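Results of the structural survey
What follows is the residue order along each chain.
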Amino acid sequence: MGDEPATDDRDQKTGTDLQTLKELLLTAYQHNKGKDYAYLGGFPPWAFKYTKHAGGSHDDVPTEWEYSAVISAYNAFKDADAIGFGALANASFWQHYPLKQKYEQKWVTATDLKKRGYLSEDGKVDFKGRNFFIFYVGDYDASSWVSQTTPTLWDSPERGKIPLMWCISPVLQQRVPMAMEYRRESATENDYFAAADNGAGYLMPGMLQEPRPISALPDGLDAWVAHNKPYYAKWDLSITGFIIDGQAPGLNQKGLDAYAKFSPNGIVPQKTPLTSLHGNMPVLRADDDVNEDDPAVAAKHIQDRIGKRPVPFHWFRNILKDPGWHVKVVDELKRIDPKIELLDAPTFFELYRIYLKQTPDAANGKIN
């Protein structure tokens, strides 16, 4: 943090840590000639440094976001091995695990949607009074979190009972390829994969757009597209389940254009209108985190938010929740409001796109 001394070195001149970090990042940027991205392992040590936990003046999330903003300004992303599941053993060995050339997923067709009662014969969304929602099942933007939760959360006997959108950063194939392949090979028909925040690596894409605060470097969006495309192609990803804008500017037109090139079936940023259609890419603003331990409380949270939102499509983020928890939340929602329906990711985003095309105000970002 640039506005206070490091909490583990009180005699340090204020800003020295930040300046040192910037020098390291600029060196990496120059080494890559601005055409590639530096892969940073780890996470701000918020429990031990800079934050109120360690005698500082900053809260945890703003510290995380400040770090993200700084590294993004220099074409770098983090593999967010955060506290709790931060340990990762033998990555230097597992990085050599041989992956397949491609891991395919199926998208939904209009014919499928009509047969399942979601589209009318004239191709319009047939809501029947329903509100549709999807879970962002995360956070899997860290190799350690993917590795450690595979035998516990992923291997839950409840997985497969309801549709879940598992959001995993594809760049994690560099450190935990075995866990990523295992999840694909053991997935049920109800498990669908999207990219975690914010694509192939956690950074804030608004910091890639000119003018770039902090670094004043040239635009980094073209390099971000080139970085993401092969990862999305390999894992057959077309949705970016969450874009953390944090303390960065929101995506501008060029930023949205960039995501449309590798995430054409949808993105969920924080700093956009509630709904919009960018070309053919559906954009839905992120809503609440729903992480209450009690499924009944979580279900009521979802019901309350849906009641306050002026659109029939909804997104909620969950962090390290067991599939059994999701099942209980959905069961409770069916009890308190049968018109609230959980969808699989392809159905959700395809219906949402059709809705946007049929609702000009929603497509043009005029609903808030």
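Relevant structure appears above.
Residues numbered from 1 in each chain as written. Predicted model: local features only at pLDDT ≥ 70, side-chain atom pairs only at ≥ 80, totals over all residues. Heavy atoms only, no water.

Focus: the overall build of the protein
Threshold: Elements are defined by DSSP. Helices are runs of H or I of four residues or more, strands are runs of E of two residues or more, and each kind is numbered from the N terminus. As a reference, a globule follows 2.2 Å times the number of residues to the power 0.38, and the radius of gyration itself is taken over C-alpha atoms. Throughout, the Shrake-Rupley method with a 1.4 Å probe supplies accessible areas, and for residues the shown protein chains are the sole cover considered. As used throughout, the charge tally considers Lys and Arg to be positive and Asp and Glu to be negative, leaving His and the chain termini uncounted. In plain terms, the charge of a residue is placed at NZ if it is Lys, CZ if Arg, CG if Asp and CD if Glu.
Secondary structure summary: the protein contains twelve helices and eleven strands in total. Relative to a compact globule of 368 residues, whose C-alpha radius of gyration would be 21 Å, the protein shows 21 Å and is just as compact. Counting only C-alpha atoms, the protein reaches 70 × 45 × 40 Å along its principal axes. Of the roughly 15600 Å² of accessible surface on the protein, 51% is carried by carbon and sulfur atoms. The centroid of the 42 positive side-chain charges in the protein is displaced by 5 Å from the centroid of its 49 negative side-chain charges.

Focus on the packing of aromatic side chains
Our working rule: Only rings of Phe, Tyr and Trp enter the pairing, Trp through its six-membered ring, and a pair is recorded when the two centres are within 6.5 Å. The plane angle decides the type: under 30 degrees is stacked, over 60 is edge-to-face, the rest tilted. When a residue's accessible area, from a 1.4 Å probe over protein chains only, is under 20% of the maximum for its type it is buried; when over 50% it is exposed; and in between it is partly exposed.
Within this structure, the stated rule accounts for 29 aromatic pairs. The interplanar angle of 50° and the centroid separation of 5.8 Å between the aromatic rings of Phe132 and Phe313 together place this pair among those described as tilted. Note that Phe132 is positioned in strand β3 (residues 131–140) and Phe313 in strand β10 (residues 313–319), a separation of 181 residues in sequence. Take Phe313: its relative accessible area is 0%, and that puts it in the buried class. When the ring of Trp154 is compared with that of Phe193, the centres are 5.8 Å apart and the planes differ by 35°; the resulting orientation is tilted. Of this pair, Trp154 sits in helix α5 (residues 143–154) while Phe193 sits in strand β5 (residues 191–194), and the two are 39 residues apart along the sequence.

Some details on the pairing of strand β1 (residues 38–41)
Operational definition: Paired strands, in this sense, are two strands between which DSSP finds at least two bridges. By the criterion used throughout, a crossover qualifies as right-handed when its path from the first strand across the helix to the second strand runs clockwise, the strands pointing away from the viewer.
Looking at chain direction, β1 and strand β2 (residues 76–79) are connected through four bridges and run parallel. By the bridge assignment, Tyr39 is partnered in β2 with Phe77. Where the polypeptide runs from β1 across helix α2 (residues 60–72) and back to β2, its parallel neighbour, the crossover connection is right-handed.

A look at the packing of helix α7 (residues 221–234) against helix α8 (residues 253–262)
What counts is decided by this rule: Between the N-to-C directions of two axes lies an angle of 0 to 180 degrees, each axis being a line fitted to C-alpha atoms and, for a helix, fitted only over the stretch in contact. Here roughly perpendicular refers to angles of 65 to 115 degrees, roughly parallel to angles under 35, roughly antiparallel to angles over 145, and oblique to all remaining angles. When the near helix sits turned anticlockwise from the far one by under a right angle, the crossing is termed left-handed; a clockwise turn instead gives a right-handed crossing. The contact criterion used throughout is that any non-hydrogen atoms of two residues lie within 4.5 Å. Three classes are used, and their members are as follows: Ala, Val, Leu, Ile, Met, Phe, Trp, Tyr, Cys and Pro are nonpolar, Asp, Glu, Lys and Arg are charged, and the others, Gly among them, are polar.
In contact at an axis separation of 9 Å, α7 and α8 are set at 20° when each is read in the N-to-C sense. Here α8 runs roughly parallel to α7, going by the angle between their axes. As α7 packs across α8, the resulting crossing turns out to be right-handed. Counted together, Leu221, Asp222, Trp224, Val225, Asn228, Lys229 and Tyr232 of α7 and Lys254, Gly255, Ala258, Tyr259, Lys261 and Phe262 of α8 form the full contact between these two elements. Within the contact of α7 with α8, the residues separate by chemical class into seven nonpolar, two polar and four charged.

Section: unusual backbone geometry
Cis geometry marks the peptide bond from Asp197 to Asn198; its omega dihedral reads -10°. You can see Asn198 is positioned in the loop between β5 and α7. The omega angle of the peptide bond from Glu210 to Pro211 is -5°, so this bond is cis rather than trans. Mapped onto the elements, Pro211 comes out in the loop between β5 and α7. One non-glycine residue, Lys33, adopts positive backbone phi at about 55°. Along the chain, the position of Lys33 falls in the loop between α1 (16–32) and β1.

Concerning the side chain of Ser144
Looking at where Ser144 falls in the secondary structure, it is placed in helix α5. For Ser144, the residues in contact, after removing those within four places along its chain, are Asp81, Phe85, Gly86, Ala87 and Leu88.

Section: the pairing of strand β8 (residues 275–278)
Side chains Thr275 and Leu277 of β8 all project onto a buried face; the interleaved residues Ser276 and His278 project onto the opposite face, where all are buried too. Taken together, the four bridges between β8 and strand β9 (residues 281–284) define a ladder with antiparallel strand orientation. Its bridge partner being in β9, His278 is matched across the sheet by Met281. Taken together, β8 and the strand that follows it, β9, pair antiparallel across an intervening segment of two residues, in which Gly279 is found at a positive phi of about 65°.

Points about helix α6 (residues 177–185)
Residue pairs three or four apart in sequence face the same way in an α-helix, which turns once every 3.6 residues. Counting buried positions over the nine residues of α6 gives seven, a clear majority of the element. Looking at α6, one finds that the buried residues are Pro177, Met178, Ala179, Met180, Glu181, Arg183 and Arg184. Looking at the buried side of α6, the elements it contacts are α3 (91–94), β3, α5, β4 (164–168) and β5.

A look at the nonpolar core
What counts here: Joining through side-chain atoms within 4.5 Å is the link that ties buried Ala, Val, Leu, Ile, Met, Phe, Trp, Tyr and Cys residues into a set, and such a set is a nonpolar core.
Counting 58 residues, the largest nonpolar core has Phe132, Met165, Leu351 and Tyr355 as the members making the most contacts within it. Elements that contribute at least two residues to this core include exactly α1, α2, β3, β4, β5, β10, α11 (345–358) and α12 (360–363). Considering every element that reaches this core, the biggest residue donor is α11, with eight residues. In this structure, Val137, Ala223, Val290 and Leu342 belong to the second largest nonpolar core, which totals 55 residues.

A word on α5
Going by this rule: In this scheme, a helix's expected span is set at 1.5 Å multiplied by one less than its residue total.
Helix length check: α5, at twelve residues, gives a terminal C-alpha distance of 14 Å against a target of 16 Å (1.5 Å per residue), a shortfall beyond 12%. Buried within α5 we find Ser143, Ser144, Trp145, Val146, Thr149, Thr150, Leu153 and Trp154.

Quick word on the packing of α1 against α2
How two helices sit against one another is set out by the angle between their axes and by the gap between those axes. Here α1 crosses α2 at 35°, and the two axes come no closer than 10 Å. Pair α1 / α2 crosses with right-handed handedness. Within the contact between the two elements, α1 uses Leu18, Leu21, Lys22 and Leu25 and α2 uses Tyr67, Val70 and Ile71. When its residues are assigned to classes, the contact of α1 with α2 shows six nonpolar, no polar and one charged.

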